[in-house]
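Next come the chains, spelled out residue by residue.
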Amino acid sequence: MPLPSPADSPADGVEGSGYDFDTPVDRHGTWCTQWDYVEDRFGVPDLLPFTISDMDFETAPEVLSALRGRLDHGVLGYSRWRQADFLSAVVDWCGTRHRTTVDPDTIVYGPSVVYQIGRLLQLWSRPGDGVVVHTPMYDAFPKTIAAHERQLLECPLGDWDTLERLLARPDTAILLLCSPHNPTGHVWTRDELDRMARLCARYDVAVISDEIHSDLAHPPHVHRPWALHGAPGARWAMVTSASKSFNIPALTGSYGIIGDPAARDGYLRHLKEADGLSSPSVLSLVGHIAAYRKGGAWLDALGGYLRGNLEHVAERLDAAFPDLGWTPPQAGYLAWIDVRPLGIDDEALQRELVDTQKVAVMPGTSYGAPGFLRLNVGCPRAKAARGIDAVVAALRALG
């Protein structure tokens with residue numbers, strides 16, 4: 001299917017949108033992982049957090065309105081995901097946002113993207129089989145692979161020779177792709193995805209493409225769903241959710257597209273019969289439908305605001321450490337910062353950030369990449385500025 005040119009992509013900017021991303025929302029005391037439980041990971045309470053990848057913004061008012069309307073109904077009984085409102089919302093979103101035609105019969109539901117990945121690992125591999133993942137990697141990937149007794153095969157991002165060598169191994173069963181890539185924010189190009197598709201077909205390797213960050217690609221970069229590259233009948237799946245782009249992970253719920261009918265039936269049978277998870281959260285369905293039907297303008301405004309945050313990070317780092325040459329990611333709101341040229345010890349940097357700057361910033365070691373930081377700037381501009389100021393101050397103190 002044809003893809004939009006940069007001129008067709010959502011416009012930058014927030015002015016006149018009617019959406020407020022500057023006013024802070026107090027998340028303390030709401031059982032919030034990022035704010036209320038920061039001590040669990042960093043050992044110190046009351047740090048200003050820039051950690052887990054959710055945002056500090058209220059979701060789209062159109063989503064909140066739909067949720068309130070459903071709650072006013074008062075009955076929260078068992079529900080069905082396989083119904084026209086949900087399926088057509090997904091089909092229309094894929095068509096309008098990602099220029100991808102989706103057959104509604106290929107759509108499946110899951111309580112989360114990570115659940116779907118785990119179930120597909122079981123479907124397409126056996127204990128001991130290899131699963132190829134690009135590094136650095138989302139920290140849930142190695143945990144999920146290990147929990148299912150598969151073997152993690154690490155491929156450095158951009159190392160095509162290593163990728164082919166790993167895919168060619170007789171024990172390699174799956175390429176677990178993150179698209180766009182977390183934590184770097186890389187948006188895969190058409191040529192890169194075509195190349196991966198050819199290699200996986202050559203070596204009979206299944207593909208699971210985690211596309212949860214797909215709605216947050218920054219122009220001129222354009223996300224291309226794996227559905228545009230996976231051959232009909234081949235073993236591939238793309239899994240995603242509105243939870244990241246509309247900041248609704250607490251509602252749970254995700255969906256996927258599985259091209260092969262037998263694999264799709266096997267997945268759904270296990271979902272319903274073995275795991276008993278085929279009845280979805282009705283609020284998740286309402287949230288997804290409202291986001292996809294009415295939330296486009298909010299998402300466009302959010303993208304412009306996030307780009308402003310990332311540009312501020314770039315300006316601040318360039319002024320303080322021009323040799324780093326840092327540029328904003330191609331997607332998302334995670335500033336992936338390579339501080340290796342400064343020669344600063346990872347543990348010393350974390351101590352300075354926590355003990356002196358009183359901020360929580362994810363170390364690159366969590367993603368298999370010493371010498372990096374992952375700073376979440378999905379937040380009001382004032383908080384994002386405080387975060388990058390703390391990083392700069394810590395680096396200067398140790399430099």
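Just so it is clear, the model here is predicted, and its values are computed rather than measured. (Residues numbered from 1 in each chain as written. Predicted model: local features only at pLDDT ≥ 70, side-chain atom pairs only at ≥ 80, totals over all residues. Heavy atoms only, no water.)

Caption draft 1: Quick peek at the confidence of the model for the protein chain. A residue-level look at the protein chain finds 96% of positions with pLDDT of 70 or above and a mean pLDDT of 95. This model gives residues 1–13 a pLDDT under 50, and the stretch forms 30 contacts once residues within four places in sequence are excluded. (pLDDT = per-residue confidence, 0-100. Contact = heavy atoms within 4.5 Å.)

Caption draft 2: Representation of helix α5 (residues 113–124) within the structure. Over its twelve residues, α5 extends 16 Å from the first C-alpha to the last, a length consistent with the 16 Å expected when each residue adds 1.5 Å. The set of residues buried in α5 consists of Val113, Tyr115, Gln116, Ile117, Gly118, Arg119, Leu120, Leu121 and Trp124. (Helix = DSSP H or I, 4+ residues; strand = E, 2+ residues; numbered from the N terminus. Expected span 1.5 Å × (residues − 1). Buried < 20%, exposed > 50% of the residue type's maximum accessible area, 1.4 Å probe, protein only.)

Caption draft 3: Quick look at helix α4 (residues 84–98). The terminal C-alpha atoms of α4 lie 20 Å apart, and with 15 residues this matches the ideal 21 Å at 1.5 Å per residue to within 8%. Turning to α4, the residues buried within the fold contact β2 (107–110), β8 (254–258), α10 (282–294) and α11 (296–320). Where α4 begins, the capping side chain belongs to Gln83, and its oxygen is found 3.0 Å from the backbone nitrogen of Asp85. Looking at the residues trailing α4, positive phi occurs at Arg99, about 50°. (Polar contact = N/O pair within 3.5 Å; in protein donor to acceptor, adjacent residues only side chain to side chain.)

Caption draft 4: Here's a closer look at the environment of Ala335. Along the chain, Ala335 turns up in strand β9 (residues 334–338). In this structure Ala335 comes out as buried when scored by relative accessible area, which is 0%. Put simply, Ala335 and Asn376 are 41 residues apart on the chain and 6.3 Å apart in space, counted from C-alpha to C-alpha. Among all residues touching Ala335, those that are not within four sequence positions of it are Leu310, Val313, Trp326, Leu373, Arg374 and Leu375.

Caption draft 5: Expanded view of the environment of Pro111. Here Pro111 is to be found in the loop between β2 and α5. Expressed as a C-alpha distance, the spacing of Pro111 and His312, which sit 201 residues apart in the sequence, is 36 Å. Those residues within four positions of Pro111 in sequence are excluded, and the remaining contacts are Thr252, Gly253, Ser254, Leu271 and Leu277.

Caption draft 6: Broad picture of the pattern of salt bridges. All told, the structure shown has eleven salt bridges when counted by the stated rule. Between Asp56 and Lys383 there is a salt bridge, with its nearest N and O atoms 2.6 Å apart. Of this pair, Asp56 sits in the loop between β1 (48–50) and α3 (61–73) while Lys383 sits in helix α13 (residues 381–398); the two residues are 327 residues apart in sequence, bridging distant segments of the chain. Put simply, Asp171 and Arg169 hold a salt bridge, and the shortest N to O gap is 2.8 Å. On the accessibility criterion, Arg169 (28% relative accessible area) is partly exposed. Ionic contacts of the salt-bridge type, sharing partners, join the residues Arg27, Asp54, Asp56 and Lys383 into one network. (Salt bridge = Lys/Arg side-chain N within 4 Å of Asp/Glu carboxyl O.)

Caption draft 7: Representation of the environment of Val354. As for its position among the elements, Val354 is in helix α12 (residues 346–356). Relative accessible area serves as the criterion here: at 6%, Val354 is assigned to the buried category. With 250 residues separating them in the primary sequence, Val354 and Pro104 have C-alpha atoms 48 Å apart. Contacts of Val354, omitting those with residues within four sequence positions, involve Phe42, Val44, Leu47 and Val359.

Caption draft 8: Broad picture of the packing of helix α7 (residues 160–167) against helix α8 (residues 190–202). Running from N to C, α7 and α8 cross one another at 25°; their axes reach a closest spacing of 9 Å. Judged by the angle between their axes, α7 and α8 are roughly parallel. Where α7 crosses over α8, the handedness of that crossing is right-handed. Judged by residue contacts, Trp160, Leu163, Glu164 and Leu167 of α7 engage Glu192, Arg195, Met196, Leu199, Cys200 and Arg202 from α8. The class makeup of the residues in the contact of α7 with α8 is six nonpolar, no polar and four charged. (Axes fitted to C-alpha atoms, helices over the stretch in contact; angles between N-to-C directions. Parallel < 35°, antiparallel > 145°, perpendicular 65-115°, else oblique. Left-handed = near helix turned anticlockwise from the far one by under 90°. Nonpolar A, V, L, I, M, F, W, Y, C, P; charged D, E, K, R; others polar.)

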